[in-house]
Amino acid sequence: MTSRINAIQKWIPLAIGLILITGCAVGPDFKDPVVAAPEAYRTPAMPADTADDLKWWTLFDDPLLYDLVTTALENNRDLKIAVSRIEQARATVGFTRADQYPRVDGDAGAQIGNFSGGSRSPDTTSTVYLAAPLSWEIDFWGKFKRSTEAARADLMASEYGLKAVQLALIAEVAATYYRLLDFHQRLAISESTLESRIGSLKIIQQRFDKGIISELDVNQAQIQKEIAAAAIPLYQRSIAKTENGLAVLLGRLPESVRIKKNLGGTPPPDIPVGLPSDILARRPDILQSSYLLKAQTERIGVAEALRLPAISLTGTLGVASTDLGAFTTGGGVWSIGGTLLGPIIDFGKNKQRVEIETQKTQQALYQYENTVLTAFREVEDALVEIATYRNELAAVDRQQKAAKNANNLSKERYDKGVASYLEVLDTERTLFSAELQQSDLQQQYRNAYVNLYKALGGGWTTKAEGDENTDLEHPLKYTTQLDSTVVTVSE
């Protein structure tokens, strides 16, 4: 036994030396990509040093909307998928990291007979053994280190992917809610208009029956009544379909939503925009693309390492005997060795593997740059939407007031016989159109703020996070409820 221990001790310095040089890693190291950010946005915005503390429940101050978003964050299926992907990525890191360490297996067996080595033996022999084989591929070129770093980067990408899904979900629920308010408001306008036109038609019919006016006035009044009547099922259909879509976002079966307010009672929020360069550290899709680029860069090193020889250590320690009685006393066995295996002629296969990973990395870089450009475009679009919708809505508000007054005056003129019914019809059409357009613009104006919130990268996801982390500079920590398991994600 002493001789075996001495023999093993001779290999210890070699093993230690191999371990010490495993820090060598071929391939390029990841460097943060450099992108140019504008000094200011084209459209004037609210000045602010930072927009990190955005809280959607404060920006969109509405109890019903808060309940809807909170329910969606708890039950939405896309969000659950994103959380599951994080757990998958975390398991992948552990799975990949295990390749860096030695592997020890268990091996046992027993045999008895007179057949051995391909020929018959005159004696019956028996063999019993129990061993623990060890195998270890030394990470001389950093292949496993690079693979593990790539897996870690994929994990971070999946975490920011979850944040992106949360942000998109909050924005989509808010936008759908405002569209639902809009359709309810348009339905109310149509029902009110229909009621008014039914009353007008009765008066017109009575005048026609007395021979005061022509049948043409009656027909024109009937046409206007049916136009308003046709708008009612249109908006009822829009309400039902919007409620169905909202239910899916909430993780529920299709159901109705009880609306308690109109768009006019929902003032738009004030959202601090901050500096353009802030987006690079705030947008989860940009951070996700950055980590995907890092992961792909590490895979170039893996491909480079596959072009070089692999060094492996193998060993066995156990017991073996031809006599079961001596199995535990004098049957100790051991072995230790090493192998070197590398490609010689592969017709450029390994070289092309490196080229494949290099081009994938270039594509990931272009994707990152495109994500950054898209982010700046979305902020600019949202800012110009807010500015132009505000002016457009103000003009339509004035138009609606003028149309309402003109409609009242035209009815008075018609009753006095000063104007024809065509004048009344024209003002009614203008008023109805202006009221519907006003409701649509109110919805688009508020959704422009939703788009800006999303384009800026959002902020805190829940009230608890905002209360617990108000002193942090960057709200990159967030939690998600998945059934009974709380998954905490942080950089």
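Before any of the text, the structure's been laid out above.
Basis of the calculations
Residue numbers run consecutively from 1 along every chain, following the written order of its sequence. Owing to the predicted nature of the model, reporting of local features is limited to residues with pLDDT of at least 70; listing and counting of side-chain atom pairs is limited to 80 or more, with chain, interface and lining totals taken over all residues. Hydrogens are left out, water is left out, and the side-chain values use all remaining heavy atoms of the structure. Only DSSP runs of H or I reaching four residues or more are called helices, and only runs of E reaching two or more are called strands; each is numbered from the N terminus. Note on exposure labels: buried denotes an accessible area under 20% of the residue type's maximum, exposed denotes more than 50%, and partly exposed covers the range between, all computed with a 1.4 Å probe on protein chains only. We call two residues in contact whenever any of their non-hydrogen atoms come within 4.5 Å of each other. Accessible surface is estimated by sampling points in the Shrake-Rupley manner with a 1.4 Å probe; for residues, cover comes only from the protein chains shown. In the analysis that follows, any N or O atom pair within 3.5 Å is treated as a polar contact, provided that within protein one partner can donate a hydrogen and the other can accept it, and provided that, for residues neighboring in sequence, both atoms belong to side chains. Salt bridges are counted wherever a side-chain nitrogen of Lys or Arg sits within 4 Å of a carboxyl oxygen of Asp or Glu. Working definition of a nonpolar core: buried Ala, Val, Leu, Ile, Met, Phe, Trp, Tyr and Cys residues. They are joined through side-chain atoms within 4.5 Å.

## Focus: the overall build of the chain
Then, in step 1: Within the chain, the regular secondary structure consists of 11 helices and 7 strands.
Then, in step 2: When burial is assessed residue by residue, the chain has 41% of its 491 residues classed as buried.
Then, in step 3: If you take every contact in the chain between residues at least 6 apart in sequence, the share linking residues at least 24 apart comes to 82%.
Then, in step 4: As presented, the chain carries roughly 26,800 Å² of accessible surface, and 55% of it is formed by carbon and sulfur atoms.

## Considerations on the side chain of glutamine 224
Then, in step 1: Mapped onto the fold, glutamine 224 is located in helix H6 (residues 215–249).
Then, in step 2: Classification of glutamine 224 by relative accessible area gives buried; the value is 4%.
Then, in step 3: Setting aside anything within four residues of it in sequence, one finds glutamine 224 in contact with Arg197, Leu425, Glu428 and Arg429.

## Quick notes on unusual backbone geometry
Then, in step 1: Of note in this structure, phenylalanine 347 is not a glycine but carries a positive phi near 55°.
Then, in step 2: Mapped onto the secondary structure, phenylalanine 347 falls in the loop between strand E5 (332–341) and helix H9 (349–415).

## Here we look at the environment of aspartate 217
Then, in step 1: Structurally, aspartate 217 is set in helix H6.
Then, in step 2: By relative accessible area, aspartate 217 is classed as buried at 13%.
Then, in step 3: Among residues more than four places away in sequence, those in contact with aspartate 217 are Ile204, Tyr414 and Tyr421.
Then, in step 4: Among the polar contacts listed, one links the side chain of aspartate 217 to the side chain of tyrosine 414, at a separation of 3.3 Å.

## A look at the environment of alanine 281
Then, in step 1: Along the chain, the position of alanine 281 falls in helix H7 (residues 279–282).
Then, in step 2: When its relative accessible area of 34% is taken as the criterion, alanine 281 is described as partly exposed.
Then, in step 3: Sequence separation between alanine 281 and glycine 457 is 176 residues; the distance between their C-alpha atoms is 8.9 Å.

## Side note on the pattern of salt bridges
Then, in step 1: Overall, the coordinates contain 20 salt bridges when judged by the stated rule.
Then, in step 2: Note that aspartate 440 is salt-bridged to arginine 186, the shortest N-O span being 3.0 Å. Of this pair, aspartate 440 sits in helix H10 (residues 421–455) while arginine 186 sits in helix H5 (residues 143–209); the two residues are 254 residues apart in sequence, bridging distant segments of the chain.
Then, in step 3: Accessibility expressed as a relative area gives 21% for aspartate 440, which makes it partly exposed.
Then, in step 4: As a salt-bridge pair, arginine 377 and aspartate 381 come within 3.3 Å of each other at their nearest N and O atoms. With arginine 377 and aspartate 381 both in helix H9 and 4 residues apart, the pair spans about one turn of that helix.
Then, in step 5: One network of salt bridges, with partners in common, ties together Asp29, Arg146, Lys294 and Glu298.

## Here's the deal with the nonpolar core
Then, in step 1: Counting residues in hydrophobic clusters, the biggest one holds 70 residues, and the most contacted among them are Phe60, Val173 and Leu452.
Then, in step 2: Breaking this core down by element, the ones donating at least two residues are helix H2 (56–59), helix H3 (63–75), helix H4 (77–97), H5, H6, H9 and H10.
Then, in step 3: At 17 residues, H5 tops the list of elements feeding residues into this core.
Then, in step 4: Every residue in contact with valine 173, bar those within four places of it in the chain, is listed here: Leu65, Leu68, Val69, Ala72, Leu246 and Leu249.
Then, in step 5: Listed in part, the 9 residues of the second largest apolar core include Val218, Tyr414, Tyr421 and Val424.

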